[in-house]
Every structure is written in structure tokens, then in C-alpha cells.
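# Report on the structure
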Amino acid sequence: MTAADTGAGPRTAIAGVGRWLAGPIPISIVLALLIGACFMLVAGVDPLSGYAAMLQGSFGSGAGLANTIARAIPIIGIGIAIAIAFRAGVLNLGTEGQAGLGAVAGGVVALTVPGPAILVIPLAIVAAVAAGAAWGLIAALLQNLLGVPVLLSTLLLNYPARYFSSWLIRFKLDDPDSDLVASRPLPESGQLSLLVPKDSAFAETLRGVFGPTSPVTAVLTGVNWSLVILIVVVAGAIFMNRRTRFGFESGLSGQNAEFVRYSGVQPGPLVLRTMALSGGLAGLFGLLLTIGAPSTRLIEGYFIQTNFAWTALLVTLLALYRPLGIVVAGLFFAAIMVGSDAMGRELGLSPQIAAVIQALVIILLAFRVALPRIRRRRAAAEAKETAR
């Protein structure tokens, strides 16, 4: 092996990183941040101070890191659910309704089923997954039996799911002793606990060893066990895409549905399996957001108000349906949201700047991706005109 061969690997890796940095995603993010800086200037805020406060609020402290991770968990989880469907060419826009019904179904189990947490929590998860999967299967059946596109049916099915969940909490589960339109507090057996309970001896040990505000202490005592569930789901999605027949068939279907049909794969059952899996995962993470500490009640409209489902859709599009990309993009969007809250507290700037930056990233990314295609079409049209 020559010296040239030895240096070829690092040079190739560096070239690959350089090509990625010059690609549409990094450039779109940088442009969005620059435009966001212009908005800050208009609002009378120094952009450098604004972004420094955003970075400090999201990653610069233990509490900020814990808040960012906690905010990212439902975004990434629902993003994985969306990506499984989109990768197969099934445009599931109904994760809001699927997650909402999963949250209510699992929440009812957590509220009413007696027993220890080791029994109640798995039962609640099964109920949430079943509710989300069933709501997703309705859309799949409508397409297979009546020809109603999944894109349309899933979008419309969000509304009955939303209003049914609100009705159930407001009129059947409402706690008359609370000023909130919410259920009674979850029993301890129905609540997904923090990784390390704050009042435990282990938490005291962590504070003594690492300090009360260190990232290790803050994350372990501020994030619940949904983080572990998310890690398992992400690993499972990667394995499914790379190592299973379903992952192979769904990936091919998303690229060329006709080719998959001619190879003997029936599109109807594939859509059913895809929507059941996608809806089930959405229901799971809707539940985890609802019963995961420090949440203690089922609150009317809570999942809708967080807007996590639509943020997850943006994350999925940004990551091009790749699980690891969804993790990175989900952390990025969560950091913007948490950092914007901190920026609002410190500088008096509206936290809505987070929504502005997120929207700009997607718009600029869409423009950057579409521009080469537009140029190719124009070049092809000009070539045809020349040939005539």
C-alpha cells in the first residue's frame, strides 16, 4: 500500500463532507439564520446576542440540554412514524390525529387500570399503539377499497380524532376540582417516571458527584424513560430499513411503485402494513408525551397546541426520511424552540422567531432542491426547440 493509497481515504471523507456542506440542507439553514438575523435587527435586537442566548438556552446549560432533549423526543418519534410511511410512498398526514387518539386511549388505561407501573405502563402503551394503528388503517382501507388517497383521508381524519379527544376529556374525564379542562392527576403507577427520580438517593449522588446543574445530572433527572424507548425505535427503524423484507419493499415502493407491483408485491397489503406501523408509532409517542413525567394529567388540546406533529413533518422532509437524519434535524428544531424561549426571556424577543426560522429552512430547502430541476426542464425544453 502506497502513501497515496493511505491518504486517499481521509481525502475522500473530507471531500464528501465538503460536498455535503455545499449541499442544499446546510446552505438553507445558514440562509434561514441570516434572514432570522434580519428580523432581529428590525426588532431592535443584536443578532449575535440573540443567537448566543438561543445557543446558551438550548445547549449551554444542563437544564437547557435536558429541555432540548425532552422537546426533541416526540418530534423525532413522530418523525420516524411519518418517515416510515413517506419512504413507502404513502403520504400519511394524519399523525396528529393518530397520536392524539393514542394519547387518550393509553391515558385512559393509565388513569383507570389498577396495579403496579410495570403492568399499567405496558398496557397503556399497547392501547396507544392499537388506537393509533387502527386510525391509520382506516385511511389505508379507504384507499384500498374506495380509492380515496391516503394523503386526503389522513388529513381529514385529524379533525374527528381531535374533537373526539377533546369531548372525552372535557365531558367524561374532566376533574371538577381543577381549573384546567383536564383529567384528574395520573396515579404514580400510570406515569412514566424520570430516568432518575429527583428525590431519589441516586439523584443526590449525581448532584454530589457532577454538581446540581451539570448536563449529566440535569438530563438524568429531567428526562423520562421515553428517551430509552425512542432510542429503541430509531434503532429498530434503521434495522427494518436495511435488514428486513418489508423495509426493502417499502423503500422500492417509494421510489418506483410500478416496478414493485410488477415484481409481485401487492400494493394494498403494503399500504395496510405501512399505515398500521406508522399510526401505531404516532400513537405511542402521543402517549409518551401525555403520561411521561413531569406531565401529570390528560389536558384538552395539549397535543394539538404543542404542534409536534407538524414540526415532525418538517423534520422528516428535511432529513429525507432517514432515521439518523431525523434525530439530528429533530434536535436542531427542538434547540431552536427551546433557545427561542430563552431568548425571549433574556432579550424580550418574541419566541415566534423559532417558527419563522423553521419555516425559512423548509422554504429555502424546497427552493434549493427544486431549482436544479427547473433548470433541467428549461434546458430540455430549449433543446427540443433547437432541434425543431
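So, here is what we can say about the structure in this document. Since this is a predicted model, take the numbers as computed values, not measurements.

## Quick notes on the packing of helix 5 (residues 95–112) against helix 6 (residues 117–146)
Across the interface, helix 5 lies against helix 6 with an axial gap of 7 Å and an inter-helix angle of 150°. Looking at the two axes, helix 5 sits roughly antiparallel to helix 6. You can see that helix 5 and helix 6 cross each other, and the crossing is right-handed. Residues G97, Q98, L101, G102, A105, G106, V109 and A110 of helix 5 touch helix 6, and the partners they reach there are V120, L123, A124, A127, A128, A131, G132, W135 and G136. When its residues are assigned to classes, the contact of helix 5 with helix 6 shows 11 nonpolar, 6 polar and no charged.

## A short note on unusual backbone geometry
Residues A293 and P294 are joined by a peptide bond in cis, for which omega reads 10°. Its identity as a non-glycine residue notwithstanding, N307 has a phi of 60°, on the positive side. Note on placement: N307 falls in the loop between helix 14 (302–306) and helix 15 (308–319). A relative accessible area of 39% places N307 in the partly exposed class.

## Looking at helix 16 (residues 323–347)
The terminal C-alpha atoms of helix 16 lie 35 Å apart, and with 25 residues this matches the ideal 36 Å at 1.5 Å per residue to within 8%. Positive phi shows up at G348, right after helix 16, with a value of about 75°.

## Concerning the packing of aromatic side chains
Overall, the coordinates contain 3 aromatic pairs when judged by the stated rule. Considering the side-chain rings of F86 and Y321, the 5.9 Å spacing of their centres and the 75° angle between planes classify their relative orientation as edge-to-face. Of the two residues, F86 sits in helix 4 (residues 62–87) while Y321 sits in the loop between helix 15 and helix 16, which places them 235 residues apart along the sequence. When the ring of F332 is compared with that of F333, the centres are 5.7 Å apart and the planes differ by 65°; the resulting orientation is edge-to-face. Residue class for F333 comes out buried when judged on its relative accessible area of 0%.

## Concerning empty space enclosed by the protein
Across all of its chains, the model carries 3 cavities of 30 Å³ or more by this definition. Its volume calculated, the largest cavity comes out at about 200 Å³. Contributing to the lining of the largest cavity are 20 residues, with G100, V104, S165, I299 and F303 lying nearest its centre. Listed by contribution, the elements that provide at least two residues to the lining of the largest cavity are helix 5, helix 7 (150–172) and helix 14. At 6 residues, the largest contribution of residues to the lining of the largest cavity is made by helix 7. For the lining of the largest cavity, the residue count by class is 9 nonpolar, 7 polar and 4 charged.

## Topic: the packing of helix 4 against helix 9 (residues 215–222)
Here helix 4 crosses helix 9 at 40°, and the two axes come no closer than 8 Å. Here helix 4 is positioned oblique relative to helix 9, judged by the angle of their axes. Every pair of crossing elements has a handedness; the one defined by helix 4 and helix 9 is right-handed. In this structure, helix 4 uses G62, A63, L65, A66 and I69 to contact helix 9, whose residues at the interface are P215, A218 and V219. Across the contact of helix 4 with helix 9, the residue classes break down as 7 nonpolar, 1 polar and no charged.

## A few points about the layout of surface pockets
Here the largest pocket defines a volume of roughly 630 Å³. Along its surface, the largest pocket is lined by 34 residues, and N67, A70, R71, G222 and P294 are the ones closest to its centre. Those elements that place two or more of their residues in the lining of the largest pocket are helix 4, helix 9, helix 13 (267–291), helix 14 and helix 16. Here the element with the most residues in the lining of the largest pocket is helix 4; it accounts for 8 residues.

## Side note on the pattern of salt bridges
The tally for this structure, following the rule as stated, stands at 7 salt bridges. The partner of R162 in a salt bridge is E96, and the shortest N-O contact between them spans 2.8 Å. In this pair, R162 sits in helix 7 while E96 sits in helix 5, placing the two residues 66 residues apart along the sequence. Taking relative accessible area as the criterion, R162 reaches 25% and is therefore assigned partly exposed. R297 is paired through a salt bridge with D175; the nearest N and O atoms lie 3.1 Å apart. One end of the pair, R297, is in the loop between helix 13 and helix 14; the other, D175, is in the loop between helix 7 and helix 8 (201–210), and 122 residues separate them in sequence. The class for D175 is buried, based on a relative accessible area of 11%.

## Remarks on the side chain of T316
By the secondary structure assignment, T316 is in helix 15. The exposure class of T316 is buried, given its relative accessible area of 0%. Those residues within four positions of T316 in sequence are excluded, and the remaining contacts are G79, I82, A83, Y321 and I326.

## Things to note about the environment of L33
Structurally, L33 is set in helix 2 (residues 24–42). Overall, L33 belongs to the partly exposed group, its relative accessible area being 28%. Taking the C-alpha atoms as reference, L33 lies 8.5 Å from L360; in sequence the two are 327 residues apart. Look past the residues within four positions of L33 in its chain and what remains in contact with it is Y51 and I357.

What counts as what
- Residues numbered from 1 in each chain as written.
- Predicted model: local features only at pLDDT ≥ 70, side-chain atom pairs only at ≥ 80, totals over all residues.
- Heavy atoms only, no water.
- Axes fitted to C-alpha atoms, helices over the stretch in contact; angles between N-to-C directions.
- Helix = DSSP H or I, 4+ residues; strand = E, 2+ residues; numbered from the N terminus.
- Parallel < 35°, antiparallel > 145°, perpendicular 65-115°, else oblique.
- Left-handed = near helix turned anticlockwise from the far one by under 90°.
- Contact = heavy atoms within 4.5 Å.
- Nonpolar A, V, L, I, M, F, W, Y, C, P; charged D, E, K, R; others polar.
- Buried < 20%, exposed > 50% of the residue type's maximum accessible area, 1.4 Å probe, protein only.
- Expected span 1.5 Å × (residues − 1).
- Phe/Tyr/Trp six-rings, centres within 6.5 Å; stacked < 30°, edge-to-face > 60°.
- 1 Å grid on protein atoms, 1.4 Å probe; cavity = no way out; pocket = protein on both sides within 12 Å on 5 of 7 lines; lining within 4 Å.
- Points joined across faces, edges and corners; volume = space filled by probe spheres on them.
- Salt bridge = Lys/Arg side-chain N within 4 Å of Asp/Glu carboxyl O.

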